[in-house]
Amino acid sequence: MSLWVSRLGRAAAARGRRGSPGPGSAALGSVLLRARIHTSPEQSLQYGWLAYMLGERASKKFRVHSKVFTVEGNLSSGKGRLAQQIAEKLGMKYFPEADIHYQDRISGDGKLLPEKFNGFCSLEKFYTDPRSPDGHSYRLQSWIFGNRLLQYADALEHLLSTGQGVVLERSPYSDFVFLDAMFKQGYIHKRCLDHYNEVKEISISELLPPHLVIYVDVPVSEVQRMIQEKGKPYEKKVSPSYLQSIEDAYKRTFLPEISESSEVLQYTATAAEDVEKVIEDIEYLKFDKGPWLEQDDVSFHHLRLHVQDKAGVLDSVSIPRFVPEITIGGSEYDKLYYEYRSLPGRKYKAGYNADVGDKWIWLK
């Protein structure tokens, strides 16, 4: 079974949408079905068909900067600083880059959980032994992709529920540059690449791409220098050829492909430091292409229902394929699942756990 399923629960069993119940599914249903109504994290209000029928419309909240921007670039390229500055200048919400602990920080009691609840992976192990024979490299990137997908869903939900635009560091649309680099460096098998591409195609087909992608172009030699100066000890072990493969994937594949549906701006590291000029360039963009132009309040309603259902969002990363690198046995899965559900704030969905201070549960 997929490692993601052990974190967010057996969504299929909880919703009763497919398949016959397996061992233990009755207990699972009794745990999850009691908390199946979603509560908006921004407004603490339920959103669904009733809200839509009563006049709730995303388009009424949209303003000039009600958009999705992502800032891309190699490691230590300064993209985080630029993303935060853009968000501050334009009154948008900034989302720092999602890491393996993204779900930990926004759920339960907010404490970071051990590796066994986070895909059995760590960045330190990757940089130390990227060719680990136990398949760790793909386990890591698969787990990070799931976290990026969750964060992107959170960002879309924020935009649709409040009208405030969002700025993210990287996204599930660009995540493949790391997997592509891993494959070219011989860190992962071809089966991992095939599985990832299938998961990515299915998952992002339910979303809308960024309105704008900003790419900070920093030469690999400069990236290496910055890592040696400011990076963590284990990051300093990164291979120059791996960094070059990331840059190649950005320039040869991601940027040409995303430019068909999103606006693209590219800057050198020096030019990216002039945030006022970047803002000026953004203001000149027409945003006259991409699937956002084809949306209406009905499609925004369906998108909002989708992105607020985080278990549903992650259904796509748990497709039934046997990939040794990310598959665990049934007994181990059950042990992890029930151990995870026993942790503070994780027995029910967010907002329904009295053990972490959630209140008025019976009214939700």
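Reference entry: report on the structure contained in this document. (Residues numbered from 1 in each chain as written. Predicted model: local features only at pLDDT ≥ 70, side-chain atom pairs only at ≥ 80, totals over all residues. Heavy atoms only, no water.)

Overview of helix H15 (residues 297–308)
Here H15 is 12 residues long and its end C-alpha atoms lie 16 Å apart, about the 16 Å a rise of 1.5 Å per residue gives. Residues Phe-300, His-301, Leu-303, Arg-304, His-306, Val-307 and Gln-308 constitute the buried set of H15. Of the surrounding elements, those touching the buried residues of H15 are helix H4 (49–53), helix H8 (136–162) and helix H16 (310–315). (Helix = DSSP H or I, 4+ residues; strand = E, 2+ residues; numbered from the N terminus. Expected span 1.5 Å × (residues − 1). Buried < 20%, exposed > 50% of the residue type's maximum accessible area, 1.4 Å probe, protein only. Contact = heavy atoms within 4.5 Å.)

Some thoughts on the environment of Lys-236
Within the secondary structure layout, Lys-236 lies in the loop between helix H11 (220–230) and helix H12 (240–258). Residues Lys-236 and Thr-128, 108 residues apart in the sequence, show an inter-C-alpha distance of 9.5 Å. Setting aside residues no more than four positions away along its own chain, Lys-236 makes contact with Ile-227, Gln-228 and Gly-231.

Let's talk about unusual backbone geometry
For Ser-76, which is not a glycine, the phi torsion comes out positive at approximately 50°. By the element assignment, Ser-76 lies in the loop between strand S1 (68–73) and helix H5 (79–90). Backbone geometry places Phe-120, a non-glycine residue, at a positive phi of 55°. With relative accessibility at 26%, the residue Phe-120 sits in the partly exposed group.

Overview of the nonpolar core
In this structure, Phe-69, Leu-82, Ile-86, Ile-214, Tyr-242, Phe-254 and Ile-282 are the most contacted members of the largest nonpolar core, which totals 88 residues. The biggest single contributor to this core is H8, with 13 residues. Ignoring anything within four residues of it in the chain, the contact list for Phe-254 reads Glu-72, Tyr-173, Ser-174, Phe-176, Val-177, Val-213 and Ala-249. One finds Phe-117, Ile-328, Tyr-333 and Leu-336 within the second-largest nonpolar core, a separate group that totals 7 residues. (Core = buried A, V, L, I, M, F, W, Y, C linked by side-chain atoms within 4.5 Å.)

What to know about helix H9 (residues 176–184)
Within H9, 7 of the 9 residues are buried, leaving the element largely enclosed by the surrounding structure. Tucked into the core, H9 has its buried residues touching helix H7 (123–128), H8, helix H10 (190–204) and H12. Two residues or fewer past H9, Gly-186 is found with a positive phi of approximately 80°.

Let's talk about the sheet that holds strand S3 (residues 166–169)
Strands pair in a sheet through their backbones, by hydrogen bonds, and they do so in one of two ways: parallel or antiparallel. Strand order across the open sheet formed by 5 strands is S2-S3-S1-S4-S5, with parallel pairing between neighbours. On the outer flanks of this sheet lie strand S2 (93–95) and strand S5 (263–268), each paired with one strand and no other. Shown here is a sheet whose adjacent strand axes are inclined to one another by a mean of 20°, direction ignored. In terms of strand pairing, strand S4 (residues 212–217) meets S5 through 6 bridges, oriented parallel. When the sheet's bridge partners are listed, Val-216 is paired in S5 with Tyr-267. Where H5 meets the sheet, it contacts S1, S2, S3 and S4, and its direction lies at approximately 160° from that of S1. Contacting S1, S2 and S3, H8 crosses the sheet at an angle of about 170° to S3. (Pairing = 2+ DSSP bridges. Axes fitted to C-alpha atoms, helices over the stretch in contact; angles between N-to-C directions.)

As for a nonpolar patch on the surface
Nonpolar side chains collect at one region of the surface, where Trp-360, Trp-362 and Leu-363 lie side by side and expose about 470 Å² of accessible area between them. Of note, Trp-360 is situated in the segment after helix H17 (330–341). The class of Trp-360 is exposed, set by a relative accessible area of 59%. (Patch = residues over 30% accessible without salt bridge, like charges linked within 9 Å, V, L, I, M, F, W, Y side chains within 5 Å. Areas by Shrake-Rupley, 256 points an atom, 1.4 Å probe, with all protein chains shown as cover. Salt bridge = Lys/Arg side-chain N within 4 Å of Asp/Glu carboxyl O.)

Topic: the layout of surface pockets
Its volume calculated, the second largest pocket comes out at about 1200 Å³. For the lining of the second largest pocket, the elements supplying multiple residues, two or more each, are H5, H7, H8, H9, H11 and helix H13 (269–272). (1 Å grid on protein atoms, 1.4 Å probe; cavity = no way out; pocket = protein on both sides within 12 Å on 5 of 7 lines; lining within 4 Å. Points joined across faces, edges and corners; volume = space filled by probe spheres on them.)

Here's the deal with the packing of H9 against H10
Two packed helices can be described by the angle between their axes and the distance between those axes. One way to put it is that H9 packs onto H10 with a least axis distance of 10 Å and a crossing angle of 165°. One finds that H9 runs roughly antiparallel with respect to H10. When the axes of H9 and H10 are compared, the crossing they make is left-handed. Contacts between H9 and H10 involve Phe-176, Leu-179 and Phe-183 from the former and Lys-190, Cys-192, Leu-193, Tyr-196 and Lys-200 from the latter. Its residues placed into classes, the contact of H9 with H10 shows 6 nonpolar, no polar and 2 charged. (Parallel < 35°, antiparallel > 145°, perpendicular 65-115°, else oblique. Left-handed = near helix turned anticlockwise from the far one by under 90°. Nonpolar A, V, L, I, M, F, W, Y, C, P; charged D, E, K, R; others polar.)

These figures capture arrangement, not role.
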